[in-house]
Every structure is written in C-alpha cells, then in structure tokens.
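Each chain is listed here by its residues.
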Amino acid sequence: MEKKTLVLASNNAHKLEEIRAVLGSMYEIKGLKDIGCHDDIPETGNTFEANALQKALYVKEHFGMDCFADDSGLQVEALNGEPGVYSARYAAKNGKSVGDNKDDANMDALLEKLNAIPPVAIAEGPLAGSEGWKACFRTCIVLVQEEEKYYFDGIVNGHIIREKRGDGGFGYDPIFVPEGYGETFAELGTEVKNGISHRARAVAKLAEFLKKEK
Ligand code: IMP
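Rules behind the numbers
Residues numbered from 1 in each chain as written. Predicted model: local features only at pLDDT ≥ 70, side-chain atom pairs only at ≥ 80, totals over all residues. Heavy atoms only, no water. Helix = DSSP H or I, 4+ residues; strand = E, 2+ residues; numbered from the N terminus. Rg over C-alpha atoms; globule rule 2.2 N^0.38 Å. Buried < 20%, exposed > 50% of the residue type's maximum accessible area, 1.4 Å probe, protein only. Contact = heavy atoms within 4.5 Å. Right-handed = clockwise from strand over helix to strand, strands pointing away. Arc of directions from axis to C-beta. Core = buried A, V, L, I, M, F, W, Y, C linked by side-chain atoms within 4.5 Å. Near = heavy atom within 4 Å. Polar contact = N/O pair within 3.5 Å; in protein donor to acceptor, adjacent residues only side chain to side chain. Areas by Shrake-Rupley, 256 points an atom, 1.4 Å probe, with all protein chains shown as cover. Nonpolar A, V, L, I, M, F, W, Y, C, P; charged D, E, K, R; others polar. Axes fitted to C-alpha atoms, helices over the stretch in contact; angles between N-to-C directions. Parallel < 35°, antiparallel > 145°, perpendicular 65-115°, else oblique. Left-handed = near helix turned anticlockwise from the far one by under 90°.

Participant: Even after reading the chapter, I still don't get the overall build of the protein chain, so can you show me in this structure?
Facilitator: Scanning the protein chain from terminus to terminus reveals 7 helices and 7 strands. Mapped from its N terminus to its C terminus, the protein chain presents α and β elements in the order β-α-β-α-β-α-α-β-β-β-β-α-α-α. The C-alpha atoms of the protein chain give 18 Å as radius of gyration, which agrees with the globular expectation for 214 residues (17 Å, within 12%). Projected onto the principal axes, the alpha-carbon positions of the protein chain cover approximately 55 × 35 × 25 Å. Residues counted as buried form 45% of the 214 residues belonging to the protein chain. If you take every contact in the protein chain between residues at least 6 apart in sequence, the share linking residues at least 24 apart comes to 52%.

Okay, here's the thing in structure tokens:
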C-alpha cells in the first residue's frame, strides 16, 4: 500500500531525520523544501502552541496538505518561564551583541540574569548538594490533519547550572542538567539526550497517536 504523505513544517535536516526514524515506515515525511515551500513562515505567537499551530496551518492553507510543526524552548522557573518563545534570540531580545556564536550569547544573557537571583539547592540525584535554577525544556507539536488539530507536549525537567560544561548538542545544552543525571545535555551525548529529550517525548506521543489511527 502506498504510504500517506505528512509534511513537517521545517527544513531542519536533524529534525527530519529524527522524525523519519520514528514514522518513516508508516508515512512519507516531507520537509518544506520537498513541497516547494521556500517561504519564511511567520512565528509571532506568545506560546509554543501558538507558534507550532501557526506553522502547521500555514502549510495546510497554502499547500493543502496535512502537516505537523513543532516549537520548542527553555523555561526557567525563577524567570517566570523565560526565555520561552524567545529561546533562539534571547541575547538580542535583551539588547546584547550576538557575534558569531548565538548559542553562547544566549547562554551568557541567561546566566547574567540568573546570577542576580539566588539559586536553589538541588535535593536529589547525582547533583544533590549543589545549586542551580529549576528549568525545563518543552516541545509542542501540532498536527493539522484534515480539519482537525491535535497537540502533543514533551517536557524534560532539570536545572540550569552556573558554568557551561560539554561540547555536544546545541542551544542551551551546556548549562542544562536533566533531572536524575549529573551531566549536562552537552556532556551526555546525542544518544542519551535523544532518549529523554522534550522533542523525543513529544515525537513519541505523535507516533503513538498516528499508529493507533492506522
Ligand atoms: P526550536 O523551536 O526547536 O527551533 O527551538 C528554539 C530554540 O530553543 C533553539 O534555538 C534553542 O535555543 C532552544 N532549544 C530547543 N531545543 C533545545 C535543546 O534540545 N537543547 C538546547 N536548546 C534547545
């Protein structure tokens, strides 16, 4: 039987690869370029849900295809959920010069803010006895299928620590230690991270939903 097509509203090769690994046997997963979409899709929402919905609906409206989109970011409790939807551009949002390394600039902007706020003692796990700021990474996936919208959420809780550690990953990985671990996402490596990450958890929920539908 011919596979149904599902569009992921992204051109990020890493995301496409990760999604195809989970859903590729059931669906032909196409990225934006594969459907001839070269537009800069607006992301103007105040929440991950709103941004993911905006991207998925854009594809549905302009290309008439079922689509899903994701939006992710870091939320720090002591900063009322910041950087949130500004995760990718937190340094610029705070008026900092960004330079060549956007990830470093974003982490520096975040640590500068956090250093003005007392950290909490970490009670459990390998980091017990040290200090950090409670945080989580979140991913929201929105699937627009025919006329329906479905939401899938993935969360990984942890702490932001004072100093960057590790070379792997991207974004805020060097300063985020997931709950139950003693190393940052950047130290843990791709395999461990992809087993527990916010994105992996949201994708697993989407896959479960689509498998039940088949
Ligand atoms: P996106 O919506 O997946 O493009 O993520 C937006 C921003 O959130 C990224 O540019 C990163 O700054 C941050 N972010 C999302 N996921 C991760 C992660 O797994 N590790 C570190 N930073 C992340």
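There's more to say after this.
Participant: Please clarify how the pairing of strand β2 (residues 27-30) should be interpreted in this entry.
Facilitator: Burial along β2 is one-sided: the residues Tyr-27 and Ile-29 are buried and none of Glu-28 and Lys-30 is. This β-α-β element, strand β1 (residues 4-8) to helix α1 (residues 13-23) to β2, shows right-handed connectivity.

Participant: Sorry, what's going on with unusual backbone geometry here?
Facilitator: Excluding glycine, a negative phi dihedral is what most residues carry, and trans is how most peptide bonds are arranged. Residue Pro-83 is bonded to the preceding Glu-82 through a cis peptide linkage, with omega at 0°. Phi angles above zero are rare outside glycine, and Asn-80 is one such case at about 55°. Secondary-structure assignment places Asn-80 in the loop between β3 (67-76) and α3 (90-93). The phi dihedral of Glu-146 is positive, around 50°, even though this residue is not glycine. Residue position: Glu-146 is located in the loop between β5 (131-145) and β6 (148-160).

Participant: Can you walk me through α1 in this structure?
Facilitator: Count 3.6 residues to each turn of an α-helix, and residues three or four apart come out pointing the same way. Buried within α1 we find Lys-15, Leu-16, Glu-18, Ile-19 and Leu-23. Buried residues along α1 cover an arc of 165° about the axis, so they all sit on one side. Exposed residues on α1 whose side chains face more than 90 degrees from its buried face are Ala-13, Glu-17 and Ala-21. In this structure, the buried residues of α1 make contact with β1, β2, β3 and α7 (198-213).

Participant: Just to check I follow, could you spell out the nonpolar core for this structure?
Facilitator: Among the nonpolar cores identified, the biggest contains 22 residues, and Leu-74, Val-76, Leu-110, Ile-160, Tyr-172 and Phe-176 are the most heavily contacted of them. Going through the elements one at a time, β3, α3, α4 (102-114), β5, β6 and α5 (185-188) are the ones with two or more residues in this core. The greatest single-element share of this core, amounting to 6 residues, is contributed by α4. Residues Val-7, Ala-9, Cys-37 and Cys-140 belong to the second largest nonpolar core, which totals 18 residues.

Participant: Got a minute to help me understand the site of the ligand in this structure?
Facilitator: Close contacts around the ligand come from 14 residues, with Ser-72, Asp-173, Lys-193, His-198 and Arg-199 the closest. A distance of 3.1 Å is found between an oxygen atom of the ligand and a side-chain nitrogen or oxygen belonging to Lys-15. Between Asp-71 and the ligand, the recorded distance is 3.4 Å, taken from a side-chain N or O atom to an oxygen atom. Taken by itself the ligand offers 480 Å² of open surface, and the protein chains cover 86% of this. If you list the elements that add at least two residues to the shell around the ligand, you get β3 and α7. Of all the elements, β3 adds the most residues to the shell around the ligand, at 3 residues. Among the residues making up the shell around the ligand, the classes are represented as 4 nonpolar, 5 polar and 5 charged.

Participant: Mind showing me how you'd approach the environment of Glu-17 here?
Facilitator: Within the secondary structure, Glu-17 is located in helix α1. As a C-alpha pair, Glu-17 and Ile-29 span 12 residues in sequence and 9.5 Å in three-dimensional space.

Participant: Help me understand the packing of α1 against α7, please; the structure alone is not making it clear to me.
Facilitator: Each pair of packed helices can be summarised by the angle the axes make with each other and by the distance between the axes. As a packed pair, α1 and α7 sit with axes 10 Å apart at the nearest point and diverge in direction by 40°. By the criterion of interaxial angle, the relationship of α1 to α7 is oblique. Seen along the crossing, α1 lies across α7 with a hand that is right-handed. Packed against α1, whose contacting residues are Lys-15, Glu-18, Ile-19, Val-22 and Leu-23, the element α7 presents Arg-199, Ala-200, Val-203, Leu-206, Ala-207 and Leu-210 at the interface. Within the contact of α1 with α7, the residues separate by chemical class into 8 nonpolar, no polar and 3 charged.

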